[in-house]
Every structure is written in structure tokens, then in C-alpha cells.
Amino acid sequence: MAYALQGRTGSWEVVVGLEVHAQVVSESKLFSGAATAFGAEPNTQVSFVDAAFPGMLPVINRACVEQAVRTGLGLNAAINKVSRFDRKNYFYADLPAGYQISQYEHPIVGKGEIEIECADGSTKMVGVTRLHLEQDAGKSLHDQHPTKSFIDLNRAGVALMEIVSEPDIRSPDEAGAYLRKLRSILRYLGTCDGNMEEGSMRADVNVSVRKPGEAGYRTRCEVKNVNSVRFAMHAVEAEALRQIEVWESGAEVQQETRLFDSNRGVTRAMRSKEDAHDYRYFPDPDLLPLVLDQAWIDDLRVHLPELPDAKKARFMRDYGLSAYDAGVLVAEQTSALFYETVAKGRDPKVVANWVTGDFFAILNKLGRTFENPPINAAELGAILDLIKDGTINGKIAKSVFEEMVGRAMAPINVSLTENLSPSDSFSIRIDPLTIVDEMGYRQLTDTGVIDATVDKIIAANQDKVAEFRSGKDKLFGFFVGQVMKATQGKANPALVNETLKRRLT
Amino acid sequence: MALDPATVRRIATLARIRMDDAEVTTLVGELNSILGWIEQLNEVDISGVDPLTGSAHMALTMREDVVTDGGYPDAILFNAPDRIGDFFAVPKVVE
Amino acid sequence: MSSATELTDLTIVQGRDGLRAKAFTAVDLTLAHLHAIEALNPRLNAYLSVGHAQAMEQARAADAALAQGDMRPLLGIPLAIKDLFCTTGVRTTEGSKILMPFVPPYESTVTANLLRDGAVFLGKTNMDEFAMGSSNMTSYYGPVENPWKRRQDATAVLVPGGSSGGSAAAVAARLAMGGTGTDTGGSIRQPASFCGLVGVKPTYGRCSRWGVVAFASSLDHPGPFARTVRDCAILLGSMAGHDPKDSTSADVPVPDYEAACERPIKGLRIGVPREYRADGMPGEIEALWQRGVAWLRDAGAEIVDVSLPHTKYGLATYYIIAPAEASSNLARYDGVRFGLREDGEDLRDLYERTRAAGFGAEVRRRIMIGTYVLSAGYYDAYYLRAQKVRALIMRDFTEAFAKVDALLTPTAPSAAFAQGEKMDDPITMYLNDLFTVPADLAGVPAMSVPGGLDADGLPLGLQIIARPFDEATMFAVAAALERAAGFVALPTLRAGG
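Residues numbered from 1 in each chain as written. Chains lettered and ligands numbered in written order. Predicted model: local features only at pLDDT ≥ 70, side-chain atom pairs only at ≥ 80, totals over all residues. Heavy atoms only, no water.

A. The overall build of chain C, seen in detail. Looking only at helices and strands, chain C features 16 helices and 11 strands. Against the 2.2 N^0.38 benchmark of 23 Å for 497 residues, chain C shows a C-alpha radius of gyration of 21 Å, consistent with a compact globule. In terms of its C-alpha atoms, chain C occupies a principal-axis envelope of roughly 65 × 55 × 50 Å. Burial statistics for chain C: of 497 residues in total, 69% are counted as buried. Expressed as a percentage of contacts within chain C between residues at least 6 apart in sequence, the contacts between residues at least 24 apart total 77%. (Helix = DSSP H or I, 4+ residues; strand = E, 2+ residues; numbered from the N terminus. Rg over C-alpha atoms; globule rule 2.2 N^0.38 Å. Buried < 20%, exposed > 50% of the residue type's maximum accessible area, 1.4 Å probe, protein only. Contact = heavy atoms within 4.5 Å.)

In C-alpha cells form, the structure reads like this:
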């Protein structure tokens, strides 16, 4: 069912295009040698070029060009071997030169596409119009002084990739899916860390509405600098509702730039920006055309990591995972790597259940990621091995898991796990078998004890036995539960089932 | 393409240069004269010609991704007409 | 060298030889110039700032190095530096009020090269504001007086040309042995012609623009002034070279330009482009041009008639492209990080007041033109069209250079004019650059050599234009012209005069 919003006059369709500004992962800036690291003291990562001092000139950073090309390849996009830099002219306090070096008519990357997974499990292709390189602006702080704004140019000149989608998105869900997928691809490639809270990835959300079946697009508005996926989704809806209200009241939506007020859940117009549209683009005369070598591009392509879509397909094919589970595991390279390490030589579906279930849950609870999990792949694998060889059953295994995590997180041990390095995936620091023995968790497989326990339960519940025998099949679960309770959960479930079946029928 | 005072004012705003009426009037005359003189370029047959942007004879050379600059906030702020701490200060901007 | 020759009359070659022969010291040379500046600069206004202490320190260091046998090409030679080259710790104003407070924390590559080769900097010279002008009349710091006077009217104050008027006047008046300038529409060659000097605009990208306050990025060419061709060759050899900090800098080796001055020009083909004529151009200029042709023919060159059909469109092309680039380059002068600030009610008001107060009329005019031609709806009609005509102008040169090795033309359509003349409307002033602008648009090297005097005793220059990166041929032809012209006239206002 297509997403639609209800207005007073009926249904409305939402048309969304997303412009994502992704800060390029690089040591130094796009056109200057100043550092790009986040969080430095104000104006300490600023060169005279960044501050647009008289006589200063831009020189392009090879790594930024590489990252843009690799991103283009990751989006299945055309790489333009000749591209050009243009000046986008406007005045603002955080733009020292009074122009931004960007790319207008000849961007470095052309048309591409991203496959997104929608909430209902279907997939959809969203087109990418282009990707270009441009300078980021500095930062203005408006709340440090009663009458003045403070300018910090640390961020001025950092390389950005502007990734523009086609207006193929039709709902907040799709917008969220697109942003999450794009973010995932960028993180896989290592071209952007995708950290929206820190501002290294920002979205401008372009929204328009129209009646279902209407041809063409109506006027759109841009909601700028949305800094979380959730806010982007809310902004889509909030802005669409506002526009519907405008159209239905008989007025026309004016093209304008707006901001999303996350506290009130509405968009509002930006106060500056008159004449903002006359950027007077012209080729930057301080630079020459950027010409890329095909062999160089091919070499970059060959060395790309396996990307999320390919990895997901491989997981489904080789591990027999569902699209959903595979999708969850490959969202981050780190979770995918963790999974594959555990799955090696083990039942991939069992591993998938554990990783997507208990492991994800514990990471969330502890505020950890797959880069610094409390217990590592080898340790989780060891627990699963104990289930496989019958030492413990599945339910007890969860207790063992919890206990292991608890011990790992104890203050004396926390430092061991906080800064995990890749090699640590393979060493077992806390042996689950030790816990099993200490806690007496070994699975009960002694048929004599199980038989005796089953007999005791049956004897104590004759009324239920009669009900079961007269057709209440659901009561089987009650008996299983009682036997497990009586054995502190340690009885082998298969043996319990078998014994109960024999005794009850 | 004659300029009128409103256009001159719009350009002055784009260029962020304050202008009083007298100057606008003078500029309307001067700019129209210059633009009229420039019109002679319309005589030239430019069909099939690629625009030249700069007469340099090379393609862009790229530099290595190493931090070689920055780290001198005092020099950056030294010439600032209004410096507060380690920031440039401007009249407060409301977005 | 007669015993009465002032140190300030020496050429760079003579200065260099004298220093190495210990006929005098670098301190002697610098002091002589500082005294001359003290005497004459109040009238000429060629220098905006004089660095006495720094110059003496550099001269002393040069003497110490000379004593060690240091053979650097410019060791101890005192120079005038146009005030748009950023010089560390030394105020750099660009001839503008908006940069009056600006003290650069860095040294331009070109001036760093000169310092590397041992030069002494006497001071920063006056110029048209932001290099926009052909007379040095637009400087916020007052005009510069041309040291040459009309025979018929010695009271008239003449302009030295522009925008590098201060450097030209300083070198002509013997207040420096050489100087630096920039040439965007003719701003080295035209003042050289007006002041009886040699002035060189090298190939675009030959000299780095890093640290040179930008006017029009694709047209700015740093270059030298001196009183002889060989002196200019020495200066250019020092100034030129690849700079990785400037993306438009040419990665081409610098040949020995001084040696190129000795090259015979026998057999070289010299093109005479028929379009280098202007309405109302004095007959004397045409006559000098013909004399120049004859000199070169006598020296063994072959003279070829050529056509550069788009020459007349150069000025209009320039007056679209240069203001467009300038309007963007000058956006950074906003009162926030450096320079003048005029307070405002809000940020926009601050910008508008600062720029209105800080920029002079010509600069404001050009920013307005530039902003307009780039604005929405006009880009194709003006800027794009101009860049296409520019391509045609460049093609004219390329086609001509298939037939000839260099071109000979007049440098300017008139001799130096008086302050106040040609001020009726901007266009009259723009026409001064008619013969110089095409070489800027095409980026080909060009230089002016004094060819003779007009009836009023004012110098007239001849321009030589050569192929990209073939300054060597250009110097060879210029040296031959210089020898033939035998220009020995001296300006009225000069050191020791």
C-alpha cells in the first residue's frame, strides 16, 4: 500500500529527494593541509588558505578525490574522468572567502543507484543523480555572547561529498531506509564515518506533495541540515503536512529553505537567505580541470571491500539466512565480520539467531558496539560449541552468556574489553566451561533422573494429565515447564519431550 | 540590456556594498555605458568555440593527504578587528 | 663607469659586478637608495612604506655573505616591491583603505625567491587600488607622479601608468635598481612604456601567484621592472619557478634568461600584426613601430606581416572576465578576519558598510560589473561569451606563432598623460590597455622596451610578444631592440638629478 497522507480534500502523495553532505574521511582538508579531526580547540585547525587570507590559493588533496571516486563506485555510479570546480558565491559569516569551492556543471560522479529495504520487507531502487566534492563551511556559535556570534573555522575547507538522490522517495520510511543504507555503504567504504550526531553526515530533505496520479512535481521546499535519520523521517511528514495545509487552504507553496524544529516537530522558515539563489557559479580560476586516469579508477574498483548488498546476498546464499537476518548482520561491516568469525565451522543459522538476538541486545544495553563487545567472537563461539556437544542446553546457554558478560564487565576486567583489537577476536579470556562447572550448569542427560522427575510431575498433576489425555494438547507445554523447573532448567529438552510423550500418551 | 536603479540596488546587495541614491544614479549611467561598450562582443562568431578558462597548460596536480598546515590560531586571529578568545566575533546572526 | 656615476644610476648588472669587485658595499648601495627615497619620494609618492631597518639589516647580511664569496644573483641588490606582494611582518595595503591595517604573516613565493637570491627590499610601492587602473590614480594613498616631464609643459604632473605605477616610478627615478609588479591587463608593460623602463609580463603560471593579493586569478602575472633588458632577465630568473602551493603554477624549468639576451636574432621571424593600431593614435607611435621593425630587420630578422583578427575585442573581453573574477576574489574583504571594519547593526550591515567605506570608486564599479555579468540570466550572454572570444584571441596567437617566432607592436596607444586627463569616463581609461590586454588573455609572454621619445620628450615603448614559455626568444629580440634603440634619455625627477 503506497504511503499517503490524508488532508481535508483527500489523499496526498509525498515526493522526497535527499541531498546528503558527507564529510570525507581524510587526514587533511580538501584544498589545504590543515587537519580535519573532530573536536579540536577553536581555530587551531585552520590554515591561511582556509581563512581566505589575501593571496592564498587552493591545492587539491588526492585522498579526497580517491574517496569520492570510491564512493561513486560503491553507488554503481558513472565516474566522470574530467570534472571541474566552480565557485558558489554568497556571503555568510562561516564562509571566509565569500564563496565555496564546489562542482556545478561537471561533477566528479554521475548517475548511480542505491537499493533500499523498506519496512514491509520489499526492496526498491532509489536513483542517485550525482555526487560532487565541495568545501565545508566553518561553524557559527550564536549562544556564547548576548550580542555577538562567534566563528570557528576549524571545519572550513573540510572535504564534503554532496550526494543527491533522484526524487524517487515516497515516504518517511523510505527516506529513513535510504539514509541508513547510504550511511552503511559510506562506512563500509571508509569514505565517511556517517556520524550524524557529530555532523559528519547531514541531510537536506527536499519535500513536495501532490495528488495521487498527478503528473509532474509541485513546488518543493528544502529542510536543511537534519542531523539524524529519525529527524529526517519526522521532517518529511511534518513538512508534507504543512504543505498539504497550504494547498488545501487555496494558497501556493512558496519555494523556501526551512529548518526542522525537533522539539516542536515542525519546520520553520530560515530568517536569512534572500537572494540566496543567485550563486553566480563560474569555474574557479585558481584551479584546473580534474582529469582522472582510467587505470587509476580501475585499480580503486578492484580494491573496494565487499559492499552490503553483495555481502547480504552471499550470506543468504552461503549461510542460508533470511533476507531480514542477513540485512541486520550486514548493516555494519563490524557486525558482519563478527558473525562470520563465529559462524566459521558452526551452524550459521544458530549463530545468526544468537548474534541478531541476544548479542545485539546486550550491546544495546551496555552501550557497546561490535568494535568493543564485552565478549569476543571466540568466546561466543565457545558457548555455542557447548550447546552443540550437549554440555548445556540452549536456555542455560543464555545464563552462561549473561554470566560471562557480567564477569567481563566487572571493573577489574572492563579494561580488557574496552579497547578490543582484531586479534582479540580469537583468544578466549573467560572460558564458558569454567562458568558451567562453577554454576553447575551442565545439562542433565541422565535418563534415570529425567524419568524419575517426569514421574514425580505426573503423579503430582493427575488432573492435568487427565485433561491432556482427553484432548487438551496445549498442556504439554505445562509439563515441559514443570520438568525444567524441577531440574533448574538443566534437563536436556529433547529427552524431556521424549520421556513425557512416552509417559503421557 | 539597460540597467535601472532597482537592478543596480539588487547587484549592490549581492555584492554587499552599501550605496546611497546618488551613487546608484551615477552607477546606472556608468554601468550602462560600460555594458553598452561590451556589447561589441556580440559581433564575434563564437559558434563551435569552447570557452577558455585560464591559459594554463596543465591539468590539476594533487597533493598528498598529510597534515602540513594549521595549528597557529594566534596568527589566524592576529589581524581580526574583533577577536574574543579564540573566535572571530561578528554581530549576532539569527537563523 | 664615470667617477661621477651615482650608485643609484647603476644597473643591476653593474651593481652586482661592483659588489663582487668590492668597489662598494651592499650597505653603500642600500643607503644611497634610502637617501634618494627620502629626498624624492615625498613628491613622487612612489613608495607607500619604506623599511629602513629591514633594508639595512638585509644589506649587512649581504655584505657578510659577499665576504664569504657568495655568488647569489641578486645579493645586495635593492628592489622596490609592489604593495600587493604579501611580505611577512610588513604592512601590505593593495593601494586600498580596506587593507590599511593588514600585516601579512607570510611571504609571497615571488618575494621569497628574491630574498632567497639575496635581494634587499627597500619598501612597498604605490599602485592602483586592487590593481584596477592604468594610471595609479585610484590608489587610496594618493597618485604617483611620473618622473618624466613634458618638454612643453614642465609643470604638468604626469601619471606613471598603472596599476604598478609606484614600482615603475621608483625604478625610473633611480629610487630602486629594479622592482616587481603584476600585469593583469597591462599593469607592468604600460607603466614601463610610460616611464622609459623595461617591463616583463612572463607566461601565465611562470611566476607563482601564492601570496600575491588576487585581482583576476586567470589574468594576474607577477613580473619585473628594470632599466635594462638584461636586468629584467636576471630578476625574472629569480622570481620564476614552479610552486606546488599554486595550482596554476607551471612545472616548467627556468632557463638562463640572462644568457638568452646574448642570443643573435638572425633568421628569427618577427610578426607585425596589422591590427595593433588605434583611432587617434599619435603618428609618432606608428613611426616608432616602423623604426623598431627596421632595427630588427637590420639585426638579421625576417619580418612577416601577420593578422590577429580578434585583437580589437580584447578590451571588452577583459572587462567582462577581470571584473567577474575580481568580484569573487574581493568577497573576502568583509571586515571579519582582517582589514578595515565598519560596525553595523547586523552582519549584513557590517559587510555593506565595511565594503562601501573600504573600496574606492573604480573597485566598486568593477565589482558591480563583475557581479552583474555572473548573475542569473546573464552568465551566458557575457561571461561565457567572453571566455569563448578569449579562446579565439588565444587561437589568433597560436596560429600566428606557427608562422613567426615573436611579434612586435607598440606597447601603449599614447605617451604618459597628465593627472586629470582621460578621467571623463571609465572607458577612456580602459583604452590605455588596448595593446597589452590580448597577451594577458592568452597568457603569452610579453615585454616592453623603451624605443624612443615623443616630441614632448616622453618615452614610448615597443612590445615584444613570444610563444608560451619562450621568454628566452623574447629576451633575445628585446636585447637586440635595446641595442639598436640606444635609449639613454633620463627622467627629469631622479636621484641625484
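B. Expanded view of the interface of chain A and chain B. On the side of chain B, 39 residues touch chain A, which itself brings 53 residues to the contact. Across the chain A to chain B interface the summed buried area is about 4,100 Å²; carbon plus sulfur atoms make up 62%. By the criterion of area lost to chain B, the three top residues of chain A are Arg62, Phe91 and Leu288 of chain A, representing 14% of everything that side buries. Linking chain A with chain B are three salt bridges. Lys148 of chain A serves as the salt-bridge partner of Asp82 of chain B, at 2.8 Å between the closest nitrogen and oxygen. Taken together, the connections running from chain A to chain B amount to 24 residue pairs in polar contact (both at pLDDT 80 or more). Of all the secondary-structure elements, those providing two or more residues to the side of chain A that touches chain B are α1 (62-74), β9 (148-152) and β16 (290-291) of chain A. When residues of the side of chain A that touches chain B are assigned to their parent elements, the largest contribution, five residues, is made by β9 of chain A. Across the side of chain A that touches chain B, the residue classes break down as 30 nonpolar, 12 polar and 11 charged. (Buried area = accessible area lost by both parts, 1.4 Å probe. Salt bridge = Lys/Arg side-chain N within 4 Å of Asp/Glu carboxyl O. Polar contact = N/O pair within 3.5 Å; in protein donor to acceptor, adjacent residues only side chain to side chain. Nonpolar A, V, L, I, M, F, W, Y, C, P; charged D, E, K, R; others polar.)

C. Just the nonpolar core, in detail. Membership of the largest hydrophobic core comes to 219 residues, with the highest contact counts inside it found for Phe130, Leu175, Phe397, Met447, Ile464 and Phe475 of chain C. Ignoring anything within four residues of it in the chain, the contact list for Met447 of chain C reads Arg189, Val198, Gly199, Val200, Val229, Leu462, Gln463, Ile464, Met474, Phe475 and Ala478 of chain C. If you look at the next biggest cluster of nonpolar residues, it comprises 113 residues, including Cys64, Ile185, Val226 and Val246 of chain A. (Core = buried A, V, L, I, M, F, W, Y, C linked by side-chain atoms within 4.5 Å.)

D. Up close: the pattern of salt bridges. Under the defined criterion, the tally for this structure stands at 71 salt bridges over all chains. Ionic pairing is found between Asp284 of chain A and Arg87 of chain A, a salt bridge with its closest N-O pair at 3.2 Å. Of this pair, Asp284 of chain A sits in the loop between β15 (282-283) and β16 while Arg87 of chain A sits in strand β4 (residues 86-89); the two residues are 197 residues apart in sequence, bridging distant segments of the chain. Accessibility assignment for this pair places Asp284 of chain A and Arg87 of chain A in one class, buried. With a shortest N-O distance of 2.7 Å, Glu214 of chain A and Arg218 of chain A are connected by a salt bridge. Judged by its relative accessible area of 23%, Arg218 of chain A is partly exposed. Connected through shared salt-bridge partners, Arg87, Asp284 and Asp286 of chain A together with Arg209 and Asp246 of chain C make up one network.

E. Highlighting the pairing of strand β2 (residues 11-23) of chain A. All names here are of chain A. Among the 13 residues of β2, 12 are classified as buried, and the element is accordingly described as predominantly covered. One ladder, built from two bridges, connects strand β1 (residues 5-6) with β2; its direction is antiparallel. Within β2, the position partnered with Gln6 by the bridge is Ser11. Counting the residues that bridge the hairpin from β1 to β2 gives four residues, and of these Gly10 lies at a positive phi of roughly 135 degrees. Where β2 and strand β10 (residues 159-165) come together, five bridges link them in antiparallel fashion. Within the sheet, the bridge partner assigned to Ala22 lies in β10 and is Met161. (Pairing = 2+ DSSP bridges.)

F. View of the sheet that holds β4 of chain A. All names here are of chain A. The three strands are arranged β5-β4-β15 in an open sheet whose pairing can be described as antiparallel. Across the chains shown, the open sheet's two edge strands, defined by having one partner strand only, are β5 (99-102) and β15. Direction of pairing for β4 relative to β15: antiparallel, over a ladder of two bridges. When the bridges of β15 are listed, Asp86 appears paired with Pro283.

G. Broad picture of the packing of helix α6 (residues 323-330) of chain A against helix α7 (residues 333-343) of chain A. Residue and element names in this part refer to chain A. Running from N to C, α6 and α7 point in directions that differ by 115 degrees, and their axes come no closer than 6 Å. Taken as axis vectors, α6 and α7 run roughly perpendicular relative to one another. On α7, the residues touching Val328, Leu329 and Val330 of α6 are Ser335, Ala336 and Tyr339. When the residues that make up the contact of α6 with α7 are grouped by side-chain class, the tally is five nonpolar, one polar and no charged. (Axes fitted to C-alpha atoms, helices over the stretch in contact; angles between N-to-C directions. Parallel < 35°, antiparallel > 145°, perpendicular 65-115°, else oblique.)

H. Highlighting the environment of Ser414 of chain C. Residues and elements named next belong to chain C. With respect to the element layout, Ser414 can be found in the loop between β9 (406-410) and α14 (426-430). Sequence-wise, Ser414 and Val389 are 25 residues apart; in three dimensions their C-alpha atoms are separated by 26 Å. Setting aside anything within four residues of it in sequence, one finds Ser414 in contact with Phe194, Ile285, Lys422 and Asn432.

I. Representation of the interface of chain C and chain B. At the interface, 67 residues of chain C touch 51 residues of chain B. Between chain C and chain B, a total of about 5,200 Å² is buried, with carbon and sulfur atoms accounting for 72% of that surface. On the chain C side of the contact with chain B, Met368, Tyr372 and Arg385 of chain C bury the most area, a combined 14% of that side's loss. Between the two partners, chain C and chain B, sit three salt bridges. Across the salt bridge formed by Arg364 of chain C and Glu23 of chain B, the nearest N and O atoms sit 2.7 Å from each other. Taken together, the links from chain C to chain B amount to 13 residue pairs in polar contact (both at pLDDT 80 or more). Breaking the side of chain C that touches chain B down by element, the ones donating at least two residues are α10 (314-329), α11 (347-358), α12 (361-374), α13 (380-400), α14 and α15 (437-442) of chain C. Counting residues per element, the side of chain C that touches chain B draws most heavily on α13 of chain C, which supplies 12 residues.

J. Spatial organisation of helix α4 (residues 109-116) of chain C. All names here are of chain C. Restricting attention to buried positions, one finds in α4 the residues Thr109, Val110, Thr111, Asn113 and Leu114. For α4, the secondary structure elements touched by its buried residues are β2 (78-82), β3 (120-125), β4 (178-183), β6 (221-226) and α7 (229-239). At the C-terminal side of α4, Gly118 shows a positive phi close to 95 degrees.

K. Main features of the pairing of strand β6 (residues 112-117) of chain A. Residues and elements named next belong to chain A. Burial of the side chains of β6 is restricted to one face: Gly112, Ile114 and Ile116 are buried, whereas none of Glu113, Glu115 and Glu117 on the reverse face is. Pairing analysis gives six bridges linking β6 to strand β7 (residues 123-135), with the strands arranged antiparallel. Bridging from a neighbouring strand, Gly112 pairs with Val128 of β7. Between β6 and β7, which pair antiparallel one after the other, the connecting turn spans five residues, and Gly121 there sits at a positive phi close to 90 degrees.

L. Broad picture of the packing of helix α1 (residues 12-20) of chain C against α7 of chain C. All names here are of chain C. Between α1 and α7, whose axes approach to 8 Å, the crossing angle comes to 70 degrees. When the axes of α1 and α7 are compared, the pair comes out roughly perpendicular. Along the contact surface, α1 presents Ile12, Val13 and Arg16, while α7 presents Arg230, Asp231, Ile234 and Leu235. Taken together, the residues of the contact of α1 with α7 sort by class into four nonpolar, no polar and three charged.

M. Looking closely at the side chain of Thr436 of chain C. All names here are of chain C. Following the sequence through the fold, Thr436 ends up in the loop between α14 and α15. The exposure class of Thr436 is buried, given its relative accessible area of 0%. Once you skip the residues sitting within four places of it in the chain, Thr436 turns out to touch Gly185, Gly186, Arg189, Gln190, Thr411 and Gln463.

N. The confidence of the model for chain C, seen in detail. Scored by pLDDT, chain C comes out at a mean of 96, with 99% of its residues at no less than 70. Of the two predicted TM-score estimates for the complex, the pTM is 0.92 and the ipTM is 0.96. (pLDDT = per-residue confidence, 0-100.)

O. Summary view of the side chain of Thr354 of chain C. Residue placement: Thr354 of chain C occurs in helix α11. Sequence-distant contacts of Thr354 of chain C, defined by excluding residues within four places in its chain, comprise Ile98, Asp334, Gly335, Leu340, Arg341 and Glu342 of chain C.

P. Representation of the sheet that holds strand β1 (residues 83-84) of chain B within the structure. The strand order across the open sheet formed by four strands is β8(A)-β9(A)-β2(B)-β1(B), and the pairing between neighbours is antiparallel. Looking at strand neighbours, the two that pair on one side only are β8 (139-141) of chain A together with β1 of chain B, the edges of this open sheet.

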